[in-house]
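Now for the letters of each chain:
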Amino acid sequence: MTEILENQILEFVKNRNKKDESTGPRQVHIRFDIEILQAQKILEDLSQKNKVSKFYDKEYQEDRYIPNE
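The model shown is predicted, which means the values in this text are computed figures rather than measured ones.

1. Looking at the environment of Lys14
Point 1. Structurally, Lys14 is set in helix H1 (residues 2-18).
Point 2. Overall, the relative accessible area of 18% leaves Lys14 in the buried class.
Point 3. Between the C-alpha atoms of Lys14 and Lys41, which are 27 residues apart in sequence, the distance is 18 Å.
Point 4. Setting aside its immediate chain neighbours within four residues, Lys14 contacts Pro67 and Glu69.

Structure (structure tokens):
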């Protein structure tokens, strides 16, 4: 289940990036109806696996993610 959700979230991040948008835990929380903490953990896991890059966005004052492809 977690791997399926992780892959879906990765695709979500990629699709947002195609529109020149980064993704934060809030967007994942809303789109997948999961807790923000779970969204943060999955995004962190994707970052650790080098599937996404993490950066701090001063405008939104949160960590944001973009795909590494």
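So much for the structure itself; the text now carries on.
2. Section: the nonpolar core
Point 1. Ile9, Val28, Phe32 and Ile34 are the most contacted members of the largest nonpolar core, which totals 14 residues.
Point 2. Elements with a contribution of two residues or more to this core: H1, helix H2 (25-32) and helix H3 (36-48).
Point 3. Counting residues per element, this core draws most heavily on H1, at five residues.
Point 4. Setting aside residues up to four positions removed in sequence, Ile34 forms contacts with Leu5, Ile9, Val28, His29, Ala39 and Ile42.

3. Overview of the pattern of salt bridges
Point 1. Counted by the stated rule, this structure contains eight salt bridges.
Point 2. Salt-bridge contacts for Asp45 lead to Lys41; the nearest nitrogen and oxygen are separated by 3.2 Å. Remark: Lys41 and Asp45 occur in helix H3; sequence separation between them is four residues, near one turn of the helix.
Point 3. Asp45 gets classed as partly exposed once you look at its relative accessible area, which sits at 25%.
Point 4. Connected through shared salt-bridge partners, Arg26, Glu62 and Arg64 make up one network.

Basis of the calculations
- Residues numbered from 1 in each chain as written.
- Predicted model: local features only at pLDDT ≥ 70, side-chain atom pairs only at ≥ 80, totals over all residues.
- Heavy atoms only, no water.
- Helix = DSSP H or I, 4+ residues; strand = E, 2+ residues; numbered from the N terminus.
- Buried < 20%, exposed > 50% of the residue type's maximum accessible area, 1.4 Å probe, protein only.
- Contact = heavy atoms within 4.5 Å.
- Core = buried A, V, L, I, M, F, W, Y, C linked by side-chain atoms within 4.5 Å.
- Salt bridge = Lys/Arg side-chain N within 4 Å of Asp/Glu carboxyl O.

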